[in-house]
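Coordinate inspection notes
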Amino acid sequence: VPDDASVCDLPLEEVYFWQKRAKYLEPLSQATHDKAGQIQWSIRVLTLISSLKGEELRSAATSLRKLSNEATWNSKYLTILQKPFETLARGSLKEIYTTVPGMSKTLRMVAQSSRFYSSVDRIEKLVERVTLALCIRSVQEANPSKLLRHYRFAKDFPVYMPNFQGVEDNDEDYDNDDTPFDTLTLVMDTMERWNMCLSAESQQHGLHDDAVSKPKSSWDALNREVLLERVDYIKLRCEEIRQIF
């Protein structure tokens, strides 16, 4: 992941990482395991003379194939999430709100079906990246400084915002613009929707299984209390700001 990548881009960068790795490793793996190629010929020759280097080369080729397979499958699974992750990074708050349910279902599918993203550690880190990006986007929209620069506020208090003088309610650039109150409400609804999406599967699992049973998949074993701590905090702060507005 690039050092200058923003928090909002981290889920997308994880997709790009596997796409690039698959692109780089696949031709190397194919060349290494080509029976008529030089690598396999060298392995056969070194094996005939019982050389330790031959075993090392064989082991390296096997490891390369495993890495290539992992990257290829992870790229296929996570590419499904590329579009919702792009919306999360650059889309509007309304688009993000609409994307959340489908994105959570896809994440759950990846956790349940993917061979390499089946561990709790790996899927939890991805969900944490998504949660952090969602929180950052929400905080950016709910920033009181930004809300106070809203053109509706400027029309009522032109002395603070002289650049907005002359803006009318029917102006095309502002006709569909939400009020600060609406924006805060949408942020709260988005936080609540993400909370419900992450919690629903866990609650359903708890209702139908015994308390001592193991989670069905890594998705059921996510530490939701930690993942949703920031989400609940942002929702609470937005509610306080909304009361002021």
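The text that follows walks through the structure, step by step, so that each part is easy to find. (Residues numbered from 1 in each chain as written. Predicted model: local features only at pLDDT ≥ 70, side-chain atom pairs only at ≥ 80, totals over all residues. Heavy atoms only, no water.)

1. Describing the packing of aromatic side chains
Evaluation of the coordinates by the stated rule reveals two aromatic pairs. Taking 4.9 Å as the distance between ring centres and 75 degrees as the angle between the ring planes, the aromatic pair formed by Phe17 and Trp18 counts as edge-to-face. The partly exposed category is assigned to Phe17, whose relative accessible area is 34%. Here Trp18 and Tyr117 contribute two aromatic rings whose centre-to-centre distance is 6.5 Å and whose plane-to-plane angle is 75 degrees, an arrangement assigned as edge-to-face. Placement of the pair is Trp18 in helix H1 (residues 10–32) and Tyr117 in the loop between helix H5 (93–113) and helix H6 (120–141), with a sequence separation of 99 residues. Assigned by exposure class, Trp18 and Tyr117 land together as buried. These aromatic residues form a ring-pair network of at least three members: Phe17, Trp18 and Tyr117. The ring of Trp73 carries Lys76 above its face, with NZ or CZ at 4.8 Å from the centroid. (Phe/Tyr/Trp six-rings, centres within 6.5 Å; stacked < 30°, edge-to-face > 60°. Buried < 20%, exposed > 50% of the residue type's maximum accessible area, 1.4 Å probe, protein only. Helix = DSSP H or I, 4+ residues; strand = E, 2+ residues; numbered from the N terminus. Lys NZ or Arg CZ within 6 Å of the ring centre and 35° of its normal.)

2. Remarks on the side chain of Glu14
By the element assignment, Glu14 lies in helix H1. If sequence neighbours within four positions are ignored, Glu14 has contacts with Leu78, Tyr117, Leu126 and Arg129. (Contact = heavy atoms within 4.5 Å.)

Note that all results are geometric; they support no functional claim without further evidence.
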